[in-house]
Amino acid sequence: MALTAEELCSYSDNVNEQLARYGVKFGIYKNGEFHEQLFPFDVIPRVISHDEFAYLERGLKQRVSALNEFLRDIYSRRRIIADGVVAEEFVYSGSGYLVPCDGVSPPGGIYSHISGIDLVQGRDGSWYVLEDNLRIPSGASYPLIARELCRRTIPDAFTGRALEDNSNYAELLRRTMDHVNTGGHPVILTPGRFNAAYFEHSYLAEQTGARLVTCDDLVVENDRLYFTDYSGRKEQVGAVYRRISDEYLDPVNFCSESLIGVPHIFDIYRKGNVAIINAPGNGAADDKGIYYFVPKMIRYYLHEEPILHNAPTYLPYYEQDMSYVLANFDRLVLKDVAEAGGYGVVFGSKLSHEQKEEFIRMMKAEPRRFIAQEVIDFQDIDIYEDGVRVPRKADLRAFVLMSDEAAVWKCGLTRFSRNPDSFIVNSSQGGGFKDTWVMSE
Amino acid sequence: MAILSLGNSERLFWLGRYSERVFTGIKFLLARPSWNGSCFDENNSESVHFSLMRAYDNAIVLRDEIGSDTFSYVQLAVYEMKNASRSRTPLVGLQKVNDNIAAFWGMADDSISDEHVRGIIKLGKRVERVDLYARNNADSEDIRREIHRLIYRIAKTGLHYDGARLSALNALAGGESINRPEVVREVESLINFSGT
Amino acid sequence: MTTLRFSYHMRLNFELPVREHHFKLRCFPSSDDRQRISYERVEIYPVHFRTEERDSFGNMCIYGTARQIHDHFTVDVEGTAETDINAKLRAEPHKTGLFKYDTALTKAGESIREFHLSLDPMNWMTEYERAVYMMNELYEEFTYTPGVTGIMTTAEEAFSMRHGVCQDYAHIFLALCRLERIPCRYVAGMIPGEGATHAWAEVLDGEAWRPVDPTHNRVCDDTYIKISCGRDAQDCAINQGVFYGGGKQTQEVRVIVKRKR
């Protein structure tokens, strides 16, 4: 007999206790000090019907395929620029475009091995893509372990439910790593314990059987990458699922002030001697400015109509859009393309007269820096707080893993804002998470 | 044979040592309850709380070596330590910390499939025990027994150790009366992680 | 056809011993439409392993690691270059757009923008002619002065001082061209005489890159040997590296280029 939502909520503390037991945490810096925090879990799952998810799945695969084509294109022939579909300025002056990646063909032709696509559902039930994360999208580990612990804590909640199993994430991830492995061990490269997502790094290593390593464990010699074990033996590494950003990957090639990174790893990657997951330079495709062009990419590369919608977006860079943004400023949300993690987001209606003038002045000086979007009326999702159910804003990060074919993980990270007035769901800003149930029939 | 980095081999060793330092530290507290609460001072390197946090520091970066289940007992010990420090019956609380340390060892032994990973934690534990017993004037018989358990353990780890010091320890254990400061000196320099 | 002999010598001296020295060198001219290079000597010391590659601009690089402890690091390159002033340096069309946009080192600020506004090119000029016109004007405005700028000085900083060296001339020139979205790139290379490396620029003219030398206010002739090109000096860094230890370091560079008769 399945439980009612109320009955489910009464187990909230028990599940959170289990999460605490396994150290399901994320790190956060406050006043320059590192703290580990539990990631608040809400027991009421987001439920997505079988048909609805099948629709999302088609749309997500389509979108990620087009983004992957785009990355391949802008680092080689650049047809999409020559054909005038994407304005070249958005490609070349975005901070994510890495010139040293030009002319590199990554193993298997795959750039975005693991994509985290952030979606929201509007009140009318339609889904919108808010953001593509093609660099180091994190979060899959949380619903992965939460499901297991919920099953242990509240087995009744699952009885009689036709629910897709989500425990195959590690398998999908391992397959993704193995598919592009150039020969040798797979590893997960973490910046270390004081990274926000360290739990995830260590948990995914445990679950996939890939070795968790830090930069110091790896060394390049004679154009190959090696891991040195404690007896001094060198083992070749063929696939690196790196959880450190491009600029810290290789101090010789990128940020020479830092001693973080693996010297020359980028050089041997260019030669095809190691797979780096996700590929360096992916930032060129998940820029907030490039987002605007994704539906165009889908039409251009795949000759298909986009299945998933973007939130209606305007680029002040184009004159026509600039006039629209100025005329409708108060009902738009404005985003600085260089910022992430919920920062640099401004609601037109919340600015004072002076702030608005100042913002418009900045936007006119550097139109390339901003995008404007219609505010989507999110469908709220109930959470359980202080003994009652209350509606909150939530999004869904869906994970697409690319190996011989694209696979959408039949789950996802549902993040919610704990603040009733906020649209910002990021964990770094105090949000919590839910499991995402995809029904199997 | 699994591949294990030098850094992780050292962390495993210290995880073993610190977990033992907590366990035996609490055992001493329970046996001789002269109580002043200083054992909860996280910043005092002599306290069991301090030792537990160092065990935790090592365990948290070893999740993929030891497994989430094994790790969880160290995490639980940390929560129990916090509870104990706030409890009306702190010694009973500390006993719960030790329940978790014991469970951690049991789970490590049971669920870690790589014998070197398992062996290094145990070696750390043995080294620490000899060290603690010698420092705390334990019975000669107890020290002798712990030295022998250590010697038995060491070859199974694949770690580099100082053979001369091991022989010296063996000789010390065989002597009529045990020179405790010598034992401490030898055991402390037995393992060297500076590389191969 | 002109034949030039070149030698490039670099020595890094470290105040304190260095180990685990990972380097990437970009001081090897390569053959293209305008120059044919043959090497007689490429020596790097000390070195544990080294290997070659071409970066995304097509520049030849040698990278590797010197593990053992050392207090100096030397590079010696010698060879000949046959240059052809009449040959066109063909541009790959899909690789020119990138060179229209700023980098941190070539971003125009107030002072460059102001100068740019004061210029008055003829409206019949092609992009290339406008670039040459701007080079002439820059030459009048700027004074060659060693020692006031460094390798990390931006175009804007140098221009607001009105003093600098070849790298600064090239960066300011690039900043001016990029204000007009004229594709242009930075070139590191060697010219006859004895001294350091030189820097100039290439401007896209139709389907070819045309080398110009803002420091000397002239179009490059057949005595210029190109080592590398990129968006700015950083893309052409001759020596990139990380290592442990070292303390203060000093660098000696000696370039000799002579006409071979």
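Calculation criteria
Residues numbered from 1 in each chain as written. Chains lettered and ligands numbered in written order. Predicted model: local features only at pLDDT ≥ 70, side-chain atom pairs only at ≥ 80, totals over all residues. Helix = DSSP H or I, 4+ residues; strand = E, 2+ residues; numbered from the N terminus. Rg over C-alpha atoms; globule rule 2.2 N^0.38 Å. Buried ≥ 20, exposed ≤ 12 C-beta atoms within 10 Å, placed from the backbone. Contact = placed C-beta atoms within 7 Å. Pairing = 2+ DSSP bridges. Core = buried A, V, L, I, M, F, W, Y, C linked by C-beta atoms within 7 Å. Nonpolar A, V, L, I, M, F, W, Y, C, P; charged D, E, K, R; others polar. Axes fitted to C-alpha atoms, helices over the stretch in contact; angles between N-to-C directions. Parallel < 35°, antiparallel > 145°, perpendicular 65-115°, else oblique. Left-handed = near helix turned anticlockwise from the far one by under 90°. Domains from an automatic or database assignment. Expected span 1.5 Å × (residues − 1).

Topic: the overall build of chain C
For step 1, the next point in the chain: A count of helical and extended segments in chain C gives four helices and 16 strands.
For step 2, the next point in the chain: Expected size for 261 residues packed as a compact globule is a radius of gyration near 18 Å; at 19 Å, chain C falls within 12% of this value.
For step 3, the next point in the chain: The C-alpha extent of chain C, read off along each of the three principal axes, is 60 × 40 × 35 Å.
For step 4, the next point in the chain: Put simply, chain C has 261 residues, and 41% of those count as buried.
For step 5, the next point in the chain: Considering only intrachain contacts with a sequence separation of at least 6, the fraction spanning at least 24 residues in chain C is 73%.

Remarks on the overall build of chain B
For step 1, the next point in the chain: Each helix and strand counted, chain B has nine helices and zero strands in total.
For step 2, the next point in the chain: When the helices and strands of chain B are read in sequence order from the N terminus, they spell out α-α-α-α-α-α-α-α-α.
For step 3, the next point in the chain: Here the C-alpha atoms of chain B give a radius of gyration of 17 Å, agreeing with the 16 Å that 2.2 N^0.38 yields for 196 residues.
For step 4, the next point in the chain: For the C-alpha atoms alone, the extent of chain B along its principal axes is close to 50 × 40 × 25 Å.
For step 5, the next point in the chain: Taken across its 196 residues, chain B has 47% of its residues classed as buried.

Some thoughts on the pairing of strand E19 (residues 394-402) of chain A
All names here are of chain A.
For step 1, the next point in the chain: Of all nine residues in E19, nine are buried, a share of seventy percent or more.
For step 2, the next point in the chain: Every second residue of E19 is oriented toward a common face, with Ala394, Leu396, Ala398, Val400 and Met402 on one face and Asp395, Arg397, Phe399 and Leu401 on the other, all of them buried.
For step 3, the next point in the chain: Direction of pairing for strand E4 (residues 114-121) relative to E19: antiparallel, over a ladder of six bridges. Counterpart to leucine 119 in the pairing with E19 is leucine 396.
For step 4, the next point in the chain: When E19 meets strand E20 (residues 406-408), the two strands line up antiparallel, connected through three bridges. Pairing of leucine 401 across the sheet is with alanine 407, part of E20.
For step 5, the next point in the chain: Between E19 and the antiparallel strand that follows it, E20, lie three residues.

Description of the pairing of strand E1 (residues 25-30) of chain A
Residues and elements named next belong to chain A.
For step 1, the next point in the chain: When E1 meets strand E2 (residues 33-38), the two strands line up antiparallel, connected through six bridges. What sits directly across from phenylalanine 26, in E2, is glutamine 37.
For step 2, the next point in the chain: Hairpin connection from E1 to E2: two residues lie between these consecutive antiparallel strands, with asparagine 31 at a positive phi of about 50 degrees.

Examining the nonpolar core
For step 1, the next point in the chain: In terms of nonpolar packing, the biggest core is built from 242 residues, with A:Val240, C:Ile172, C:Phe173 and C:Ala201 touching the most fellow members.
For step 2, the next point in the chain: Grouped together as the second largest cluster of nonpolar side chains are five residues, A:Ile381, A:Ala394, A:Phe416 and A:Val425 included.

What to know about the interface of chain C and chain A
For step 1, the next point in the chain: Opposite the 15 residues of chain C that make contact, chain A presents 25 residues.
For step 2, the next point in the chain: For the side of chain C that touches chain A, the elements supplying multiple residues, two or more each, are strand E1 (2-28), strand E3 (49-54) and strand E15 (239-245) of chain C.
For step 3, the next point in the chain: Split by residue class, the side of chain C that touches chain A holds five nonpolar, seven polar and three charged.

Examining the interface of chain B and chain A
For step 1, the next point in the chain: With 18 residues of chain B in contact, the opposing surface of chain A contributes 21 residues.
For step 2, the next point in the chain: Of all the secondary structure elements, the ones that give two or more residues to the side of chain B that touches chain A are helix H1 (6-31), helix H3 (63-66) and helix H4 (68-86) of chain B.
For step 3, the next point in the chain: A per-element tally of the side of chain B that touches chain A places H4(B) first, with five residues.
For step 4, the next point in the chain: Here the side of chain B that touches chain A is built from residues that sort into seven nonpolar, nine polar and two charged.

Notes on the packing of helix H6 (residues 115-135) of chain B against helix H9 (residues 180-188) of chain B
Residue and element names in this part refer to chain B.
For step 1, the next point in the chain: Contact geometry for H6 and H9: axes closest at 8 Å, N-to-C directions at 155 degrees. Viewed along their axes, H6 and H9 adopt a mutual orientation that is roughly antiparallel. Crossing geometry of H6 relative to H9 is assigned as left-handed. Residues Val127, Val130, Asp131, Ala134 and Arg135 of H6 lie in contact with H9, whose contacting residues are Arg180, Val183, Val184, Val187 and Glu188.
For step 2, the next point in the chain: Split by residue class, the contact of H6 with H9 holds six nonpolar, no polar and four charged.

Focus: the sheet that holds strand E16 (residues 370-374) of chain A
Residue and element names in this part refer to chain A.
For step 1, the next point in the chain: Pairing within the open sheet is antiparallel, and its four strands lie in the order E13-E16-E14-E15. The open sheet has two free edges, formed respectively by strand E13 (313-314) and strand E15 (345-347), since each of these has just one partner strand.
For step 2, the next point in the chain: Note that E13 and E16 share two bridges and pair antiparallel. Its bridge partner lying in E16, tyrosine 314 is registered against alanine 372.

Describing the domain arrangement of chain C
Residue and element names in this part refer to chain C.
For step 1, the next point in the chain: Taken domain by domain, chain C comprises domain 1 (2-85 + 238-259) and domain 2 (89-230).
For step 2, the next point in the chain: For domain 1 versus domain 2, the distance between C-alpha centres works out to 25 Å.
For step 3, the next point in the chain: In this assembly, 25 residues from domain 1 lie in contact with 20 residues from domain 2.
For step 4, the next point in the chain: Examining the composition of the side of domain 1 that touches domain 2, we find that seven residues originate from one element, strand E16 (residues 249-259), more than from any other.
For step 5, the next point in the chain: Residue composition of the side of domain 1 that touches domain 2, grouped by class: 13 nonpolar, four polar and eight charged.

A word on H6(B)
Residue and element names in this part refer to chain B.
For step 1, the next point in the chain: Compared with the 30 Å implied by 1.5 Å per residue over 21 residues, the 30 Å span of H6 between its first and last C-alpha is a close match.
For step 2, the next point in the chain: With 19 of its 21 residues buried, H6 lies for the most part within the structure.
For step 3, the next point in the chain: Downstream of H6 by a residue or two, asparagine 137 has a phi angle that is positive, lying close to 55 degrees.

Some remarks on unusual backbone geometry
For step 1, the next point in the chain: The step from A:Ile277 to A:Asn278 runs through a cis peptide bond, and the omega angle for that step is -10 degrees.
For step 2, the next point in the chain: Take A:Asn278: it is sitting in the loop between strand E11 (275-277) and helix H10 (288-291).
For step 3, the next point in the chain: Residue C:Pro46 is bonded to the preceding C:Tyr45 through a cis peptide linkage, with omega at -10 degrees.
For step 4, the next point in the chain: Here A:Asp223, not a glycine, exhibits a phi torsion of approximately 65 degrees, which is positive.
For step 5, the next point in the chain: Even without being a glycine, A:Asp386 presents a positive backbone phi close to 45 degrees.

Side note on the packing of helix H2 (residues 48-60) of chain B against H4(B)
Residue and element names in this part refer to chain B.
For step 1, the next point in the chain: Orientation of H2 relative to H4, taken along the N-to-C sense of each, is 150 degrees, at an axis distance of 10 Å. In terms of orientation, H2 and H4 fall into the roughly antiparallel class. Relative to H4, the crossing made by H2 is left-handed. In contact with His49, Leu52, Ala55, Tyr56 and Ala59 of H2, H4 contributes Phe71, Val74, Ala77, Val78 and Met81.
For step 2, the next point in the chain: Residues that form the contact of H2 with H4 fall into these classes: nine nonpolar, one polar and no charged.

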